[in-house]
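# Observations on chain architecture
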There are 2 protein chains.
Amino acid sequence: MKKAVILVSGGLDSATTLAIAKSQGYVCYALSFDYGQRHRIELQAARQVAKHLGVVEHKFIHINLDSIGGSALTDTQINVPTQGLSDQIPITYVPARNTVFLALALGWAEVLSAYHIFIGVNAVDYSGYPDCRPKFVEAFEQLANLATKAGVEGHSFKIHTPLIHLTKAQIIQEGLRLGVDYNLTISCYQPNPNGYACGMCDACRLRADGFSRLDVPDPTQYHSI
Amino acid sequence: MKKAVILVSGGLDSATTLAIAKSQGYVCYALSFDYGQRHRIELQAARQVAKHLGVVEHKFIHINLDSIGGSALTDTQINVPTQGLSDQIPITYVPARNTVFLALALGWAEVLSAYHIFIGVNAVDYSGYPDCRPKFVEAFEQLANLATKAGVEGHSFKIHTPLIHLTKAQIIQEGLRLGVDYNLTISCYQPNPNGYACGMCDACRLRADGFSRLDVPDPTQYHSI
C-alpha cells in the first residue's frame with residue numbers, strides 16, 4: 001500500500017484532496033497546522049473532515065507564524081478584505097506559507113517512508129497566491145529530492161495537486177461524487193466562534209460561487225458582520 | 001542599508017556566518033528555532049552570540065519537530081552516535097530540517113523586505129547531510145523566488161552560504177579574525193545542563209579537529225559521558 005501525507009486545513013479544497021487521495025488507494029496521513037491563523041477554528045473542521053473520510057493518523061504541528069505576521073490571516077491588526085477579488089495578490093497572502101507547510105510535510109513523509117504528498121492548491125478559482133502555482137509546486141518537488149536522505153537514496157517524492165486545474169465548481173462536483181460532507185468544512189477567513197462564515201471574504205466568495213455554478217445546495221452557514 | 005536574516009543555532013558555524021554578514025555591511029536579523037532538539041540549551045548560546053555580535057532583532061520560532069521524530073536530535077529514544085564520522089548520512093540527520101528553517105527564514109525575510117538570507121551550511125567538514133549541499137541551496141533559492149509575492153514583484157532572494165567551501169579550521173580562523181567569541185558557542189549534540197560538550201559526537205569531533213588543525217586554544221568545556 002502506498003502511503004501519502006495530505007495537507008488538511010479544514011477547508012473545501014483540502015477535504016476534496018483527501019477524498020481523491022483515498023480514492024486513488026493511498027494510505028492517508030493527515031497533517032494540519034496551528035500557525036496562528038485568525039480562523040483557527042478551521043482546525044476543528046480539519047479534525048472532523050479527516051475523521052469522516054478516514055485517515056491512519058492525523059498530526060497537528062504548531063508554528064507561530066503570527067510572530068512573523070505580514071498577513072491579514074496572521075496579524076489581527078490587518079483587516080481581511082471583503083470587497084471582492086482583485087487582480088492583485090491580496091493581503092491574506094501569508095509569506096512563504098505553502099513552502100513552510102510542504103517542508104514540514106516533507107519531513108513527516110520522510111519519517112513515514114511516504115513518498116507522496118497531496119496539497120489542495122488551485123490555480124483557477126483562487127486568490128493569486130504565488131505559492132499555489134504549478135511552477136512553485138514543481139520547484140518544491142525538485143527541492144524535496146535534493147533536501148532529503150530518502151532522495152539521496154534514490155526515492156523520489158511526488159507532490160500531488162489534483163485540484164490545480166479545476167474550477168471551484170468542478171472541485172465540489174468531484175468531492176460530492178467521492179462522498180465529501182462539505183457541511184464539515186470551513187473556508188471562511190473570519191468565521192465566528194460557531195464556525196459560521198462571513199460570506200464576504202475571498203474564500204467565502206469563491207466557495208459560494210462554486211456551489212452556485214454547480215446548482216447544488218450550499219451547506220455553508222453565515223453570520224452577519 | 002541592506003537587511004539580512006541570519007540563521008543562528010548557537011553553534012560555531014552560524015556564529016561565524018553572522019559575523020561575516022555583519023562584516024559585509026548587512027543589518028542583521030537573527031532567527032533561531034526551538035524545534036524540539038535534545039540540545040535545546042544551544043538556544044541560550046544563540047541568544048548570547050547574537051547579543052555579542054549585535055543584531056537588530058532576534059526572533060525565536062517554535063516548531064515541534066520532535067512530534068515527527070526520525071532523528072537522534074529530535075527523538076531521545078535514538079542515541080547520538082559517538083563512534084566517529086562515517087561515509088553514511090548519520091542518524092543525527094533531521095528530516096527536511098534546513099528546508100523548514102529556510103522556509104521560515106524566507107517568510108520573515110519577506111515581511112522585513114530583506115532579500116538576503118545567510119545560513120552556515122558547510123560541505124567540507126560536515127556530516128554529509130543532504131540539505132547542506134550547494135545544489136540544495138541553489139534549488140531553495142529558485143523556489144524562494146517562485147514562492148513569494150516579493151518574487152512575483154521582481155525582488156530576488158539570495159541565499160548566502162559563506163562557509164560552504166571552507167574547512168572547519170578556515171571557518172574558525174575567519175571567525176577569530178572577525179571577533180567571534182567561540183566560548184559563547186555550543187556545537188555538541190548532547191551537552192550537559194551546564195552546556196559542557198560530550199567530546200564524542202560528530203559535531204564535537206569536527207569542532208575539536210578544527211581548533212586542533214589551526215593550533216589555537218579550544219574554549220570548549222567538556223563533561224564526561
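What you see is a predicted model, and the numbers here were worked out from it, not measured in a lab.

## Examining the sheet that holds strand β2 (residues 27–34) of chain B
Residue and element names in this part refer to chain B. Sheet architecture is open: five strands sit in the order β3-β2-β1-β4-β5, paired in parallel fashion. Looking along the sheet, the strands with just one partner apiece sit at the ends: β3 (57–62) and β5 (158–160). Going across the sheet, the axis of each strand differs from the next one's by a mean of 25 degrees, ignoring polarity. Docked against the sheet, helix α3 (residues 97–112) engages β1 (3–7), β2, β3, β4 (116–118) and β5, running at close to 160 degrees with respect to β1.

## Some remarks on helix α4 (residues 134–147) of chain A
In this model, α4(A) (14 residues) spans 20 Å end to end at C-alpha, consistent with the 20 Å of a helix rising 1.5 Å per residue. Regarding α4(A), the residues found buried are A:Phe136, A:Val137, A:Ala139, A:Phe140, A:Leu143, A:Ala144, A:Asn145 and A:Ala147. For α4(A), the elements touching its buried residues are α3 (97–112), α5 (149–152) and β5 (158–160) of chain A together with α3 and α4 (134–147) of chain B.

## Observations concerning the sheet that holds strand β2 (residues 27–34) of chain A
Note: strands within a sheet are paired through backbone hydrogen bonds, in either parallel or antiparallel orientation. All names here are of chain A. Sheet architecture is open: five strands sit in the order β3-β2-β1-β4-β5, paired in parallel fashion. Only two strands of the sheet have a single partner each, and these edge strands are β3 (57–62) and β5. Averaged over all neighbouring strand pairs, the angle between strand axes comes to 25 degrees, with direction disregarded. Running at roughly 170 degrees to strand β1 (residues 3–7), helix α1 (residues 12–23) makes contact with β1, β2 and β4 (116–118) of the sheet.

## With respect to the relation of the copies chain B and chain A
Its rotation angle being 180 degrees, the transformation that places chain B on chain A also includes 0.0 Å of axial translation and leaves an RMSD of 0.0 Å. Taken together, the rotation and translation describe the operation of a two-fold axis. Proximity to the rotation axis, assessed at the C-alpha, singles out B:Ile63 in chain B; its C-alpha lies 2.5 Å from the axis. Of the residues that chain B buries at the interface, 100% are likewise interface residues in chain A, meaning the two copies contact each other through the same surface.

## Observations regarding unusual backbone geometry
Positive phi outside glycine occurs at A:Asp215, with the angle close to 60 degrees. In this structure, A:Asp215 sits in the segment after α7 (202–214).

## Some words on the environment of B:Asn145
Residue and element names in this part refer to chain B. Within the secondary structure, Asn 145 is located in helix α4. When the C-alpha atoms of Asn 145 and Tyr 182 are compared, they prove to be 34 Å apart, with 37 residues separating the residues in sequence. Beyond its immediate chain neighbours, meaning those up to four positions away, Asn 145 contacts Gly 151, Ser 156 and Phe 157.

## As for the pairing of β3(B)
Here is the key point about a regular strand: its side chains alternate between the two faces of the sheet. Residues and elements named next belong to chain B. Where β2 meets β3, six bridges bridge the pair, whose relative direction is parallel. Looking across to β3, one finds that Leu 31 is bridged to Lys 59. Between the parallel elements β2 and β3, the chain passes through helix α2 (residues 42–53) in a crossover that is right-handed.

## Thoughts on the nonpolar core
The biggest cluster of nonpolar side chains holds 154 residues, and the ones touching the most others in it are A:Ile6 and B:Ile6. For A:Ile6, the contacting residues outside a window of four places in its chain are A:Thr17, A:Leu18, A:Ala21, A:Cys28, A:Tyr29, A:Ala30, A:Leu31 and A:Phe118.

## Here's the deal with the interface of chain B and chain A
Every contact between the two is made by 38 residues of chain B and, on the other side, 38 residues of chain A. Contributions of two or more residues to the side of chain B that touches chain A are made by β3, α3, α4 and α5 (149–152) of chain B. The residue inventory of the side of chain B that touches chain A, partitioned by class, reads 22 nonpolar, 11 polar and five charged.

## Considering the confidence of the model for chain A
When the pLDDT values of chain A are averaged, the result is 96; 100% of them are 70 or greater. Interface scoring of the predicted complex returns ipTM 0.96; its pTM is 0.97.

Cut-offs applied
- Residues numbered from 1 in each chain as written.
- Chains lettered and ligands numbered in written order.
- Predicted model: local features only at pLDDT ≥ 70, side-chain atom pairs only at ≥ 80, totals over all residues.
- Pairing = 2+ DSSP bridges.
- Helix = DSSP H or I, 4+ residues; strand = E, 2+ residues; numbered from the N terminus.
- Axes fitted to C-alpha atoms, helices over the stretch in contact; angles between N-to-C directions.
- Contact = placed C-beta atoms within 7 Å.
- Expected span 1.5 Å × (residues − 1).
- Buried ≥ 20, exposed ≤ 12 C-beta atoms within 10 Å, placed from the backbone.
- Least-squares fit on C-alpha atoms with pLDDT ≥ 70 in both.
- Right-handed = clockwise from strand over helix to strand, strands pointing away.
- Core = buried A, V, L, I, M, F, W, Y, C linked by C-beta atoms within 7 Å.
- Nonpolar A, V, L, I, M, F, W, Y, C, P; charged D, E, K, R; others polar.
- pLDDT = per-residue confidence, 0-100.

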